[in-house]
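# Structural features, examined
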Amino acid sequence: MLMDHLSPVDRSSNMAKVRNKDTAPELTVRRLLHRAGYRFRLHRSELPGSPDIVLPRYRTAIFVHGCFWHEHPGCKRAKLPATRPEFWANKIERNRSRDEQAERALTALGFRTVTLWACQLRDTADVLRAVGKATGADKSNAKAITAGRGRGTSSPASRAAD
């Protein structure tokens, strides 16, 4: 068994810094959705699972999952650590179980759910397609949004196309 190179106090401090809100992948999705014209609410605690993003107009809840923490099937980032494998397997299984339960409860309330994985966020067009499929909204300006990638910038050609 491999030993942790950090002391228990240092490891605890590191783990305490792991956020569950406003993560980099979540901020990426929020910026992308806003540029596409979606308006949303964040972390609605009154909904099961407190979804990362809620599109009230479309009754759609979006979860932005880290590949490790939620064990993205087939992703290289979903590998369990060699240290304390039983602890991590149990922890991640509880996360997955909680995710499934939240999705079932949201579906029962009439919400559609979308799960976006951190490793999939590089392809912004795919993200918009997944959200568009769930919402039924045609946000076909994805080409202009993904082409600019800058904050609030677009070329005269892309503005003319709109």
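Before any of the text, the structure's been laid out above.
These figures come from a predicted structure and were not determined experimentally. (Residues numbered from 1 in each chain as written. Predicted model: local features only at pLDDT ≥ 70, side-chain atom pairs only at ≥ 80, totals over all residues. Heavy atoms only, no water.)

Turning our eyes to something else, we now look at the overall build of the protein. The secondary structure content of the protein amounts to six helices and four strands. When the helices and strands of the protein are read in sequence order from the N terminus, they spell out α-α-β-β-β-α-β-α-α-α. Taken as a whole, the protein presents about 10400 Å² of accessible surface, with 53% of it coming from carbon and sulfur. (Helix = DSSP H or I, 4+ residues; strand = E, 2+ residues; numbered from the N terminus. Areas by Shrake-Rupley, 256 points an atom, 1.4 Å probe, with all protein chains shown as cover.)

Our next topic: the pattern of salt bridges. Scanning the entire structure with this criterion turns up four salt bridges. Across the pair Arg30 and Glu26 runs a salt bridge whose closest N-O atoms are separated by 2.9 Å. Within this pair, Arg30 and its partner Glu26 are both found in helix 2 (residues 24–35), separated by four residues, close to a single helical turn. Taking the shortest distance from any N to any O, the salt bridge between Asp126 and Arg129 comes out at 2.4 Å. Here Arg129 and Asp126 lie together in helix 4 (residues 124–135), a separation of three residues that amounts to about one turn. If you follow the salt bridges from partner to partner, you end up with Asp22, Glu26 and Arg30 in one network. (Salt bridge = Lys/Arg side-chain N within 4 Å of Asp/Glu carboxyl O.)

In this section: the sheet that holds strand 2 (residues 53–55). A sheet is described by the order of its strands in space; here four strands give the open sequence 1-2-3-4, paired in mixed fashion. Edge strands, defined here as strands with exactly one partner in the open sheet, are strand 1 (41–42) and strand 4 (112–117). Direction of pairing for strand 2 relative to strand 3 (residues 60–65): antiparallel, over a ladder of three bridges. Bridged to Leu55 within strand 3 is Thr60. Relative to strand 3, helix 2 is tilted by about 140°, and along the sheet it contacts strand 1, strand 2, strand 3 and strand 4. (Pairing = 2+ DSSP bridges. Contact = heavy atoms within 4.5 Å. Axes fitted to C-alpha atoms, helices over the stretch in contact; angles between N-to-C directions.)

Attention now goes to unusual backbone geometry. One non-glycine residue, His43, adopts positive backbone phi at about 45°. In this structure, His43 sits in the loop between strand 1 and strand 2. For His43, a relative accessible area of 14% translates into the label buried. In the Ramachandran plot, Arg84 falls in the positive-phi region, its phi being about 55° despite a non-glycine side chain. The residue Arg84 is located in the loop between strand 3 and helix 3 (85–108) in this model. Since its relative accessible area comes to 45%, Arg84 is described here as partly exposed. (Buried < 20%, exposed > 50% of the residue type's maximum accessible area, 1.4 Å probe, protein only.)

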